[in-house]
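# Summary of structural features
Chain by chain, the residues run as shown.
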Amino acid sequence: VGPRLTIKDPRWVGAWWLGFLIAAGSVALAAIPYFFFPKEMPKEKHELQFRRKVLAVTDSPARKDKDSPSKQSPGESTKKQDGLVQIAPNLTVIQFIKVFPRVLLQTLRHPIFLLVVLSQVCLSSMAAGMATFLPKFLERQFSITASYANLLIGCLSFPSVIVGIVVGGVLVKRLHLGPVGCGALCLLGMLLCLFFSLPLFFIGCPSHQIAGITHQTSAQPGLELFPSCMEVCSCPSDGFNPVCDPSTRVEYITPCHAGCSSQVVQDALDKSQVFYTNCSCVAEGNPVMAGSCDSTCSHLVVPFLLLVSLGSALACLTHTPSFMLILRGVKKEDKTLAVGIQFMFLRILAWMPSPVIHGSAIDTTCVHWALSCGRRAVCRYYNNDLLRNRFIGLQFFFKTGSVICFALVLAILRQQDKEARTKESRSSPAVAQQLLVSGPGKKPEDSRV
């Protein structure tokens with residue numbers, strides 16, 4: 001008879017595919033309204049007709065005679081050519097490929113755009129690592145089931161992300177924030193997120209005591225490295241059926257490693273519990289129960305996840321203002337391309353490498369690997385302290401990078417605002433003097449501007 005598994009058993013595999021089916025069905029239902037969209041949006045159609053009229057007026061013979069190259073300065077000719085490029089209705093694929101490198105370099109040379117995108121890369125790296133490995137981290141760190149970990153994440157983390165994005169948009173609209181205000185809001189949100197991440201280094205559970213794996217300086221029974229009491233059992237090295245000694249809270253990889261020779265099943269109304277008796281490697285020969293030992297600090301998962309959710313909300317507070325910085329920092333004709341470049345960098349620099357980096361860091365904290373055909377297959381036990389420090393440390397590293405980028409953005413915006421005010425204050429006396437010289441019946445040449 002095979003072992004009776006429960007949801008608390010680390011070998012338990014639930015209906016992991018069911019969530020993908022539900023999500024795919026929801027996406028398919030949400031995509032149905034797209035089939036009823038018109039071929040052209042009315043506003044875009046009128047704008048396209050207006051641009052064609054402008055092109056027709058610009059290319060008329062009278063306009064060409066009036067604005068001949070001999071009567072224009074080189075700067076005006078260049079501006080006119082740029083304007084023709086800006087109002088061009090469409091570009092072919094070949095034309096777009098030729099223009100793309102120049103526009104890409106021109107966009108990346110903009111310091112505000114580059115720094116905001118780098119800060120979003122850091123935030124997306126943090127989000128990718130959290131979304132991929134947070135359930136596993138909670139399961140291993142606090143000895144809770146995978147279903148309970150995902151339930152907590154769905155009830156606390158995801159709503160906090162939505163609240164953070166909405167609150168950020170409301171603040172930008174209500175306070176009428178300009179570029180400097182958006183930069184200050186982004187920096188404040190990330191500083192608070194970084195502050196609330198510090199307690200996460202100290203909220204966690206210690207590693208389990210596993211016989212033959214955990215090395216202790218004390219002479220506590222059951223913690224010797226592969227004790228001789230189980231040598232006669234010829235225990236398989238790749239077996240995994242954990243049992244727990246409730247008196248000493250020492251865990252054994254299999255009942256064989258505990259030296260047990262018999263099995264007892266106690267049936268109850270709701271579930272049955274399996275015990276192994278006559279265990280020669282257990283202190284005082286106490287029976288051991290099937291399954292891993294429960295953690296004494298599983299209750300800390302709720303405050304830990306509350307802090308994570310609060311940090312996520314504060315980080316998502318920067319979503320709308322940072323997007324506004326990108327839209328306001330590039331030219332009107334380059335906005336669409338700038339957004340495309342932004343998401344390209346997010347995919348390449350954040351969502352693709354971040355899970356690999358987090359996974360590699362987590363693998364370095366493993367203390368016992370299961371073997372399959374002589375090769376490492378899956379990690380059975382982790383060093384909880386190392387796991388917590390490295391996982392939260394990576395998150396802290398990405399948050400720090402985002403804070404630095406937003407601080408540089410705010411410094412540049414303030415410098416630009418200061419230079420604009422200085423230029424405006426210098427130009428005001430010149431305009432007033434021109435008004436006095438021109439007299440009441442005349443207007444200055446630049447009065448239209």
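Residues numbered from 1 in each chain as written. Predicted model: local features only at pLDDT ≥ 70, side-chain atom pairs only at ≥ 80, totals over all residues. Heavy atoms only, no water.

### Description of the pattern of salt bridges
- Counted under the stated rule, the structure contains two salt bridges.
- For Arg-388, the salt bridge goes to Asp-385, with nearest N and O atoms at 3.0 Å. Highlighted residues: Arg-388 and Asp-385, both in helix 13 (residues 384–438), separated by three residues, approximately one helical turn.
- With relative accessibility at 9%, the residue Arg-388 sits in the buried group.
- Judged by its relative accessible area of 36%, Asp-385 falls in the partly exposed class.
- Arg-421 serves as the salt-bridge partner of Asp-417, at 3.3 Å between the closest nitrogen and oxygen. (Salt bridge = Lys/Arg side-chain N within 4 Å of Asp/Glu carboxyl O. Helix = DSSP H or I, 4+ residues; strand = E, 2+ residues; numbered from the N terminus. Buried < 20%, exposed > 50% of the residue type's maximum accessible area, 1.4 Å probe, protein only.)

### Observations regarding the side chain of Ser-402
- Along the chain, the position of Ser-402 falls in helix 13.
- Setting aside anything within four residues of it in sequence, one finds Ser-402 in contact with Ser-119, Cys-122, Leu-123 and Met-190. (Contact = heavy atoms within 4.5 Å.)

### A closer look at the state of the cysteines
- Counted according to the given criterion, the structure contains four disulfides.
- The residue that forms a disulfide with Cys-205 is Cys-297, at a sulfur-sulfur distance of 1.9 Å. Here Cys-297 lies in the loop between strand 6 (288–290) and helix 9 (301–316) and Cys-205 lies in the loop between helix 8 (179–197) and strand 1 (209–210), a separation of 92 residues in the sequence. For the residue pair Cys-205 and Cys-297, the accessibility class agrees, reading buried in each case.
- One disulfide bridge connects Cys-366 with Cys-379, the sulfur atoms lying 2.1 Å from each other. Here the disulfide of Cys-366 and Cys-379 is right-handed, its torsion about the S-S bond being about 105°. Residue Cys-366 is located in strand 7 (residues 366–372), and its partner Cys-379 is located in strand 8 (residues 375–382); the two are separated by 13 residues in the primary sequence.
- For Cys-366, a relative accessible area of 14% corresponds to the buried category. (Disulfide = S-S within 2.5 Å.)

### What to know about the UniProt feature "transmembrane region" (unreviewed entry) in the protein chain
- Per the UniProt record, "transmembrane region" (unreviewed entry) is annotated on residues 15–37, 112–134, 146–172, 184–204, 300–327, 348–371 and 391–413.
- In residues 112–134, the share of helix is 100% and the share of strand is 0%. The end C-alpha atoms are 32 Å apart.
- With 67% helix and 0% strand, the stretch residues 184–204 has end C-alpha atoms that lie 33 Å from each other. (UniProt positions renumbered as here; feature names shortened; annotations may be inferred.)

### As for the nonpolar core
- Membership of the largest hydrophobic core comes to 27 residues, with the highest contact counts inside it found for Leu-134, Leu-138, Phe-304 and Phe-391.
- At the level of elements, helix 6 (111–142), helix 7 (146–174), helix 9, strand 8 and helix 13 are the ones that each hand at least two residues to this core.
- Setting aside residues up to four positions removed in sequence, Leu-134 forms contacts with Gly-129, Ile-153, Leu-305, Val-308 and Phe-391. (Core = buried A, V, L, I, M, F, W, Y, C linked by side-chain atoms within 4.5 Å.)

### What about the side chain of Ser-197?
- Residue placement: Ser-197 occurs in helix 8.
- Accessibility expressed as a relative area gives 3% for Ser-197, which makes it buried.
- Among the polar contacts listed, one links the side chain of Ser-197 to the side chain of Lys-399, at a separation of 2.5 Å.
- Non-local contacts of Ser-197, meaning those with residues more than four positions away in its chain, are made with Ile-392, Phe-396 and Lys-399. (Polar contact = N/O pair within 3.5 Å; in protein donor to acceptor, adjacent residues only side chain to side chain.)

### A few points about the sheet that holds strand 4 (residues 262–267)
- Pairing is mixed across the open sheet formed by six strands, whose spatial order is 1-3-2-6-5-4. The sheet is open, and its two borders are formed by strand 1 and strand 4, each paired with just one other strand. (Pairing = 2+ DSSP bridges.)

### Focus on a nonpolar patch on the surface
- A grouping of Val-13, Trp-16, Trp-17, Leu-18, Phe-20, Leu-21 and Ile-22 is seen on the molecular surface, where their side chains present a nonpolar patch of about 850 Å² in accessible area.
- On the secondary structure map, Phe-20 appears in helix 1 (residues 18–30).
- Judged by relative accessible area, which is 59%, Phe-20 ranks as exposed. (Patch = residues over 30% accessible without salt bridge, like charges linked within 9 Å, V, L, I, M, F, W, Y side chains within 5 Å. Areas by Shrake-Rupley, 256 points an atom, 1.4 Å probe, with all protein chains shown as cover.)

### Notes on the packing of helix 6 against helix 9
- At a minimum axis separation of 12 Å, helix 6 and helix 9 run at an interaxial angle of 175°. Put simply, helix 6 runs roughly antiparallel to helix 9. Contact residues: Leu-123, Met-126, Met-130, Leu-134, Phe-137, Leu-138 and Phe-142 in helix 6; Val-301, Phe-304, Leu-305, Val-308 and Ala-315 in helix 9.
- Across the contact of helix 6 with helix 9, the residue classes break down as 12 nonpolar, no polar and no charged. (Axes fitted to C-alpha atoms, helices over the stretch in contact; angles between N-to-C directions. Parallel < 35°, antiparallel > 145°, perpendicular 65-115°, else oblique. Nonpolar A, V, L, I, M, F, W, Y, C, P; charged D, E, K, R; others polar.)

### Quick notes on helix 9
- Taking 1.5 Å of rise per residue, the 16 residues of helix 9 would be expected to cover 22 Å, and the 22 Å separating its terminal C-alpha atoms lies within 8% of that figure.
- Most of helix 9 is tucked away, with 12 of its 16 residues classed as buried.
- Looking at helix 9, one finds that the buried residues are Val-301, Phe-304, Leu-305, Leu-307, Val-308, Ser-309, Gly-311, Ser-312, Ala-313, Leu-314, Ala-315 and Cys-316. (Expected span 1.5 Å × (residues − 1).)

### A look at the packing of aromatic side chains
- Tallied over the full model, the rule gives eight aromatic pairs.
- Note on Tyr-34 and Phe-37: the rings are 5.4 Å apart at their centroids and 40° apart in plane angle, and the pair reads as tilted.
- The exposure class of Tyr-34 is exposed, given its relative accessible area of 59%.
- Its relative accessible area of 53% is what places Phe-37 among the exposed residues.
- With 5.4 Å between their ring centres and 75° between their planes, Phe-195 and Phe-196 make a pair best called edge-to-face.
- Classification of Phe-196 as partly exposed rests on a relative accessible area of 27%. (Phe/Tyr/Trp six-rings, centres within 6.5 Å; stacked < 30°, edge-to-face > 60°.)

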